[in-house]
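Structural overview for review
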Amino acid sequence: MSVRSTTVSRDGEPPPYTPAADHGRPATPTWFLICAVMCVCLCAAAGVGAIAVVERRAHAVSAISRQTMAGTQASWDIHRHLAEAAAAEASTFLGISTTPGAAPYDDFAAAMRAANEAMVRAGATTDPGSGGLACPGQEPPATVRPSPTSSGPTSSATAGAAGASGGPGKGGSGGGGARSAAPPSSEAAAAALATLVCLTPVYTRYVGEARANDRMGMSVSGAYLRMANSLMNDHLLPASATLARSHTEDQAQAFRRATRAGDIAGLAVVALLALAALAAAQVLGVLWTRRWLNPGLLAATLLVTVGIIWPQAALATERAKLASARSEGYDVQAMLARVRHLALRAEGDVLYWRIAQGGEIVFDADFDQTAAQLACAARGREPGTTPLNEPRALNEPSGAGAAVEGLPGPHEAATRDPNLVRWCGPATARPLDPGIVKLVDTARQAGATAIDAPVGDSTPRATGRFMELDRALTKADGVAEARFGTEVAGAGDALRGVAAGAGALFLLAAVLAAAGLAPRIREYG
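Residue positions are given per chain, counting from 1 as you read along its sequence in written order. Local features are withheld for residues below a pLDDT of 70 in this predicted model, meaning they are given only at 70 or higher, and side-chain atom pairs are given and counted only at 80 or more; totals for whole chains, interfaces and linings count all residues. The basis for every side-chain value is the complete set of heavy atoms in the structure, and neither hydrogens nor water enter the calculation.

**Examining the overall build of the protein**
- Each helix and strand counted, the protein has 13 helices and 2 strands in total.
- Evaluated residue by residue, the protein yields a buried proportion of 49% over its 525 residues.
- Taking the contacts inside the protein whose residues are at least 6 apart along the sequence as the reference set, 84% of them involve residues at least 24 apart.
- All accessible-area figures derive from a Shrake-Rupley calculation using a 1.4 Å probe, and residue coverage is judged against the displayed protein chains alone. Surface summary for the protein: the accessible area is close to 23900 Å², and the carbon and sulfur share equals 60%. A run of DSSP states H or I qualifies as a helix once it reaches four residues; a run of E qualifies as a strand once it reaches two. Both are numbered from the N-terminal end. Buried, partly exposed and exposed residues are distinguished by accessible area as a fraction of the type maximum, computed with a 1.4 Å probe on protein chains only: under 20%, between the cut-offs, and over 50%, respectively. Any pair of residues with heavy atoms lying within 4.5 Å of one another is described as a contacting pair.

**Thoughts on the packing of helix H7 (residues 295-355) against helix H12 (residues 458-495)**
- For the pair H7 and H12, interaxial distance at closest approach is 8 Å and the crossing angle is 165 degrees. With respect to H12, the axis of H7 lies roughly antiparallel. The two elements H7 and H12 cross, and the hand of that crossing is left-handed.
- Across the contact of H7 with H12, the residue classes break down as 22 nonpolar, 8 polar and 11 charged. For helices, the axis comes from a line fit to the C-alpha atoms of the stretch in contact; other axes are also lines fit to C-alpha atoms, and the angle between any two N-to-C directions lies between 0 and 180 degrees. Roughly parallel here means an angle under 35 degrees, roughly antiparallel means over 145, roughly perpendicular means 65 to 115, and every remaining angle is called oblique. Take the far helix as your reference; a near helix turned counterclockwise from it by less than a right angle gives a left-handed crossing, and one turned clockwise gives a right-handed crossing. When residues are grouped by polarity, Ala, Val, Leu, Ile, Met, Phe, Trp, Tyr, Cys and Pro land in nonpolar, Asp, Glu, Lys and Arg in charged, and all others, Gly among them, in polar.

**What to know about the packing of aromatic side chains**
- Classification of ring pairs rests on two measures: the distance between centres of Phe, Tyr or Trp rings, Trp counted by its six-membered ring, which must be within 6.5 Å, and the angle between planes, read as stacked under 30 degrees, edge-to-face over 60 and tilted in between. Here the structure, examined in full by the defined rule, presents 4 aromatic pairs.
- An angle of 45 degrees between the planes, with centres 6.5 Å apart, marks the rings of tyrosine 330 and phenylalanine 484 as tilted. Taken as a pair, tyrosine 330 in helix H7 and phenylalanine 484 in helix H12 lie far apart in primary sequence, 154 residues in all.
- A connected cluster of aromatic rings, assembled from ring pairs, spans Trp76, Phe255, Tyr330 and Phe484.

**Observations concerning the pattern of salt bridges**
- Each salt bridge in this description consists of a side-chain nitrogen of Lys or Arg and a carboxyl oxygen of Asp or Glu lying within 4 Å of one another. Scanning the entire structure with this criterion turns up 15 salt bridges.
- Between arginine 57 and glutamate 318 there is a salt bridge whose closest N-O contact spans 3.0 Å. Taken together, the residues span a long stretch of sequence, with arginine 57 in helix H1 (residues 28-93) and glutamate 318 in helix H7 at a distance of 261 residues. For the pair arginine 57 and glutamate 318, a shared accessibility class is recorded, and that class is buried.
- Between arginine 483 and glutamate 487 there is a salt bridge; the shortest N-O distance is 3.2 Å. In this pair, arginine 483 and glutamate 487 are both assigned in helix H12, 4 residues apart and thus about one turn of the helix distant.

**What to know about a nonpolar patch on the surface**
- A grouping of Trp31, Ile34 and Met38 is seen on the molecular surface, where their side chains present a nonpolar patch of about 270 Å² in accessible area.
- On the secondary structure map, isoleucine 34 appears in helix H1.
- According to the relative accessible area criterion, isoleucine 34 is partly exposed, its value standing at 34%. Patch membership is restricted to residues that have no salt bridge and whose relative accessible area is over 30%. Joining uses 9 Å for like charges and 5 Å for the nonpolar side chains Val, Leu, Ile, Met, Phe, Trp and Tyr.

**Some remarks on helix H4 (residues 186-215)**
- Between its terminal C-alpha atoms H4 stretches 44 Å, which fits the 44 Å expected from 30 residues at 1.5 Å a residue.
- Immediately downstream of H4, the backbone of glycine 217 shows phi near 75 degrees, a positive value. Helices are assigned an expected span. That span is 1.5 Å times one less than the residue count.

**A short note on the confidence of the model for the protein**
- Looking at the protein, pLDDT values average 75 and 70% of them are 70 or higher.
- Think of pLDDT as the predictor's per-residue confidence, scored from 0 to 100. Confidence, expressed as mean pLDDT per element, reaches its minimum in the protein at helix H3 (residues 156-163) with 36 and its maximum at H12 with 90.
- Here residues 17-25 is modelled with pLDDT under 50, and outside its nearest four sequence neighbours on either side it reaches 5 contacts, counting other chains as well.
- Low pLDDT, under 50, characterises residues 387-417; the stretch is placed with 44 contacts to residues that sit more than four places away or in other chains.

**Quick word on the environment of valine 37**
- With respect to the helices, strands and loops of the structure, valine 37 is situated in helix H1.
- Here valine 37 falls in the partly exposed class, since its relative accessible area comes to 43%.
- Valine 37 sits 476 residues away from alanine 513 along the chain, and the two C-alpha atoms are 9.2 Å apart.

**Some points on the environment of tyrosine 352**
- Inspection of the secondary structure assignment puts tyrosine 352 in helix H7.
- Residue classification places tyrosine 352 among the buried positions, given a relative accessible area of 1%.
- Residues tyrosine 352 and glycine 222, spaced 130 residues apart in sequence, show a C-alpha to C-alpha distance of 9.5 Å.
- Those residues in contact with tyrosine 352 that lie beyond four places of it in its chain are Ala86, Ala90, Leu225, Asn229 and Phe363.

**Focus on the side chain of arginine 340**
- Topologically, arginine 340 is positioned in helix H7.
- Given a relative accessible area of 5%, arginine 340 falls into the buried group.
- A distance of 3.0 Å separates a polar atom in the side chain of arginine 340 from a polar atom in the side chain of threonine 474.
- Ignoring any residue separated from it by four or fewer positions in sequence, one finds arginine 340 in contact with Arg80, Asp470, Leu473, Thr474 and Asp477. Between N or O atoms, a polar contact is any pair within 3.5 Å; within protein, one atom must be a potential hydrogen donor and the other a potential acceptor, and residues adjacent in sequence are included only when both atoms are from side chains.

**Focus: the state of the cysteines**
- When two cysteine sulfur atoms lie within 2.5 Å, the pair is treated as a disulfide. Under the defined criterion, the tally for this structure stands at 0 disulfides.
- Left without a disulfide partner, cysteine 41 is nearest to the cysteine sulfur of cysteine 39, which lies 9.5 Å away.
- A relative accessible area of 46% places cysteine 41 in the partly exposed class.

**Focus: the nonpolar core**
- In this text, buried Ala, Val, Leu, Ile, Met, Phe, Trp, Tyr and Cys residues form a nonpolar core when linked through side-chain atoms within 4.5 Å. Judged by nonpolar contacts, the single largest core of 70 residues is most densely connected at Ile78, Leu82, Leu196, Tyr203, Leu243 and Leu432.
- Put simply, the parts of the chain that give this core at least two residues each are H1, helix H2 (106-124), H4, helix H5 (220-258), H7, helix H8 (361-378), helix H11 (434-452) and H12.

**Quick word on the packing of H4 against H5**
- Between H4 and H5, whose axes approach to 8 Å, the crossing angle comes to 160 degrees. With respect to their mutual orientation, H4 and H5 come out roughly antiparallel. Our pair here, H4 against H5, has a crossing hand that is left-handed.
- The class makeup of the residues in the contact of H4 with H5 is 21 nonpolar, 9 polar and 2 charged.

What follows is the structure, given as C-alpha cells:
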C-alpha cells in the first residue's frame, strides 16, 4: 500500500503546480526555453539578413552609378570620338568646314584629345588581367597593314559591322550583329584597350603623313589617308567595340546583382519564420499560463512586422527605380550610341568615297549596309538577315519568295522602300523619338544622293545633315543620361538607412522576445 505525501508551504498553501515530464515529453519550462531560443535566433537571423541584403544591394546600386557606368560611358565615348576624328579628317581633306571659324584640323585634334581622355577613363575601370597593357610594338600587324599604294581599306565592309555597329546593343547585350557572341573576358578587354593605346599614335602618324603630302600636292596623301582609315576600321573601332561589350556586360551583371529576386525572397522567408515563432510563443503562453497578454512578445511581434514591411517596401522601390533607370536611361543611351556609331560610319563612307573619286566600290557597298542598319536601329529593330541585293528583301511586298527580273540596285531599292523597314528584323526596343528618326532618314538619303549623284554641293549637304543628326543625338543622350542618374540616385535613396534601421528592429525584437519569455521560464524554475 503506497503512501501519498503532500508538501505544504509555510503559509499553508500548496506550491504552484509544475507539470512533470511524463511519457518522455518535455516539461513546460523546456518548451518555453525552446520557444525563447527559436524566437531570439530567428529574429537575430532576420536582422543580420536584412543588414546583409540591403548593404549588398546598396553597393550594387553604387557600382551601377559609378564604376560600371563610367566604364561603359568611356568605351562609348572612345568609339564615338574616334569615328568623329576620322570623319573630321576626311572633311578637312575635302575642304568641307564642319565647324564655322575653326582652323583646319581643329575638329580632328579635339576629337582625338577626347578619345584619349576617354581611354584614360576606360583604363581606370578595366581589369588589366594577366596580359597587362604593354605595347608589343607601334605598328599594326604586317599581315593586315595596307601599303601606301593600296587603293583602299582591306576589310572596311566587314570590319564596319564589328566597329561602328559593335557598340552597345539592346539593353546591354553587346553589339549589333553579335548578340549571340560570348561577352569578352577581362583579358580580352585589356588587350582591346592596349590596342587602342598602342595604335592610336600610329593612326595619328598616318594622318600627319597625309597632311604633309597634301600640302606638297603629292597624290600619295590620299593613300596615307586611306591607310589611316583602314587602320581605324580594321583595328581601332573593333577594339573599342570589344571594350564596349566588356563594360556593357559588367553593367548588365551589376543590374542583375542590384535587382536579384532571391535576396528579397530569402529575407522575407526568414522574417516570416521569426514572426511565426513569436506568434506561436504567444499562443502557447496563453494555453500554458492562462495569461492573455505578454508585453514583451507583443512588442517584439510589432517590431518584426515593421521590420518585414520596411525593407520589402524599400527593395521594391529600389527595383522599380532601377528598372526605370535601365529602360528610360541606360537602354536609350545604348540605342543612341549605336545610332551615332552607324551615322558616323555612314558619313565616313560618303567622305572617303568622295576622296577616292568614286573608285572605291567598298565604300559604296559599306554605306548601303550601314545605312540600312541605321534605319533599323533608329526604329528599335534588329538588322535583317537577308542581304539588300536579294529579290526577297527588295521587291516582295508579301514576302512570298518569288524572284523578280531586272533586280534594282541598293539605292533604287531605297527609293521603293525609303525606310528600308522590310529589310529590318523584328522589333526589340522602343523606337527613338520621331524627330530623330526623321533626321536619320534625311541624313541617310542625303548620303545616298552624294554617292549616286556627286554633283555640286551634295557632299557638304550630306555632311550637314549628319551633323544635324549628331546634335540631336547629343541632346537626347543628355536627357537620357540625366534620367538615368536621377533614377539610380532614387534607388540609392530608397535604401538609405534601411540596413541599420531594419537590423535594429529585428535585434531589438530578439531582446524583447527573450525578456518576455524569461519570467515564464523563471516561474517554473
